[in-house]
Amino acid sequence: MSAITQKTVVVVGGSRGIGAEFVRQFAQKGNRVIAACRQPSQANEVQGLENVTLTQLDVSSPQSVEQWAGEVQKLASHFDYVINNAGIYGRRVGLSDVTYDDMLATFVTNCVGPLLVVQQLHKRGLLGGTSPSVVANVTSKVGSVEDNRSGGGYAYRSSKAALNIVNKSLSIDLAPDNVVCTLLHPGYVRTDMTGGAGLIDKQTSVAGLIGVLEDGAAGTRELQGTWHDYKREVVPW
Ligand code: NDP
């Protein structure tokens, strides 16, 4: 393991939950953190932290992604880590009541948004080049085809499965530019998304996920195009 410190880190969806914990732990390790929040003025958990700059981003809007990329370009010329964490579960509905709008809204935020974020940062020359960058897309094991034994969850499962294949293509397309694209599964974490239910707290989850990235930095773990959980185990596709 090689400690991640003195790097420039972007955390997308940094206002609450797992994202806010990424912001806190990366800042505590002495990194410069740019937190992208839909409503920075409401992001109480990360306001006023040392080494943290708040920026405004709604990943469900292409205009917002483009405008945000222009803003962060003024803050740094290279990002070492991008934690693409923003996500929604959507309405908890089943086969009989899932709608077209449920499917689209979840797909836009969980899959299209993260792709556009990477596209914009790459287009502006903020990723890779002489120094490597790591893009970590925060997915869910719920999007694993092999792991699905209970059905349902149409919008969320499919949006994360789509994010997984987006990550795979990014990992191939961006490898020549010195950009590593990896997938992280946080575990079942007590946050607003789970209504406070879960098996672990966000501190444990994020410490494990940063450990995965630190293994990658040490060269002891292949991150390119692969998928890991907070226990540092490989997740089945
Ligand atoms: P929360 O609901 O607690 O937090 C979600 C975060 O995403 C908030 O910061 C929220 O911002 C942000 N976000 C949502 N939509 C947008 C948007 N359009 N633009 C910008 N930011 C947005 O969820 P978690 O912390 O639990 O989840 C974080 C990630 O981890 C998600 O991708 C989720 O799918 C994934 N995950 C979570 C698991 C869990 O058990 N908790 C398990 C597996 C994966 P705002 O405050 O503005 O709403």
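Residues numbered from 1 in each chain as written. Predicted model: local features only at pLDDT ≥ 70, side-chain atom pairs only at ≥ 80, totals over all residues.

Peer 1: I would appreciate a short explanation of the nonpolar core in the present structure.
Peer 2: Taken as a class, soluble globular proteins show a tendency for nonpolar side chains to be buried jointly. In this structure, V10, V11, V12, V23, A35, A36 and I83 are the most contacted members of the largest nonpolar core, which totals 59 residues. In this view, A36 contacts V10, V11, V12, G14, T55, L57 and W68; residues no more than four positions away in its chain are not counted. (Core = buried A, V, L, I, M, F, W, Y, C linked by C-beta atoms within 7 Å. Buried ≥ 20, exposed ≤ 12 C-beta atoms within 10 Å, placed from the backbone. Contact = placed C-beta atoms within 7 Å.)

Peer 1: How do you make sense of helix α4 (residues 154-173) when you look at a structure like this?
Peer 2: For an α-helix, 3.6 residues make a turn, and residues three or four places apart therefore share a direction. With 20 residues, α4 extends 29 Å between its outermost C-alpha atoms, agreeing within 8% with the 28 Å of an ideal straight helix rising 1.5 Å per residue. All buried positions along α4 are accounted for by A155, Y156, R157, S159, K160, A161, L163, N164, V166, N167, L170 and S171. If you follow the buried residues of α4, they end up packed against α3 (100-123), β5 (133-138) and β6 (179-185). (Helix = DSSP H or I, 4+ residues; strand = E, 2+ residues; numbered from the N terminus. Expected span 1.5 Å × (residues − 1).)

Peer 1: Mind showing me how you'd approach the confidence of the model for the protein here?
Peer 2: When pLDDT is averaged along the protein, the result is 98; 100% of the residues meet or exceed 70. Predicted complex, confidence summary: ipTM 0.99, pTM 0.98. (pLDDT = per-residue confidence, 0-100.)

Peer 1: Help me understand the pairing of β5 in this model?
Peer 2: Successive residues of a regular strand alternate their side chains across the two faces of the sheet. For β5, the buried fraction is high: 6 of the 6 residues fall into the buried class. On β5, burial covers both faces: S133, V135 and N137 on one face and V134, A136 and V138 on the other are all buried. The pairing of strand β4 (residues 81-84) with β5 spans 4 bridges and is classified as parallel. Residue Y81 lies in a different strand from β5, and its bridge partner there is V134. For the segment spanning β4, α3 and β5, crossover handedness is right-handed. The pairing of β5 with β6 spans 6 bridges and is parallel. Within β6, the position partnered with A136 by the bridge is T182. (Pairing = 2+ DSSP bridges. Right-handed = clockwise from strand over helix to strand, strands pointing away.)

Peer 1: Would you mind going over the site of the ligand with me for this structure?
Peer 2: What surrounds the ligand is a group of 28 residues, the closest being G13, G17, R38, G87 and T191. The biggest single contributor to the shell around the ligand is helix α1 (residues 17-28), with 3 residues. Partitioned by chemical class, the residues of the shell around the ligand number 10 nonpolar, 14 polar and 4 charged. (Near = placed C-beta within 6 Å. Nonpolar A, V, L, I, M, F, W, Y, C, P; charged D, E, K, R; others polar.)

Peer 1: How should the sheet that holds β6 be read in this particular structure?
Peer 2: Hydrogen bonding along the main chain pairs the strands of a sheet, whether they run parallel or antiparallel. On the basis of which strands lie adjacent, the open sheet formed by 7 strands has the order β3-β2-β1-β4-β5-β6-β7 and parallel pairing. Every other strand in the sheet has two partners, leaving β3 (52-56) and β7 (227-229) as the edge strands with one partner each. Pairwise comparison of adjacent strand axes, ignoring direction, gives a mean angle of 20 degrees for this sheet. Bridge count between strand β1 (residues 8-12) and β4: 4 bridges; the pairing is parallel. Within β4, the position partnered with V10 by the bridge is V82. Lying on the sheet, helix α2 (residues 62-73) is in contact with β1, β2 (32-37) and β3; it crosses β3 at an angle near 150 degrees. (Axes fitted to C-alpha atoms, helices over the stretch in contact; angles between N-to-C directions.)

Peer 1: How should the environment of G125 be read in this particular structure?
Peer 2: Among the structural elements, G125 can be located in the loop between α3 and β5. Exposure remark for G125: the 12 C-beta atoms within 10 Å place this residue in the exposed category. Measuring from C-alpha to C-alpha, the distance between G125 and Q25 comes to 26 Å, with 100 residues separating the pair along the chain.

Peer 1: What exactly am I supposed to notice about unusual backbone geometry here?
Peer 2: Glycine aside, negative phi is the norm for most residues, and most peptide bonds take the trans geometry. One non-glycine residue, Q6, lies in the positive phi region at around 55 degrees. On the neighbour-count criterion, Q6 (10 C-beta atoms within 10 Å) is exposed. One non-glycine residue, N51, lies in positive phi territory at about 70 degrees. Take N51: it is sitting in the loop between β2 and β3.

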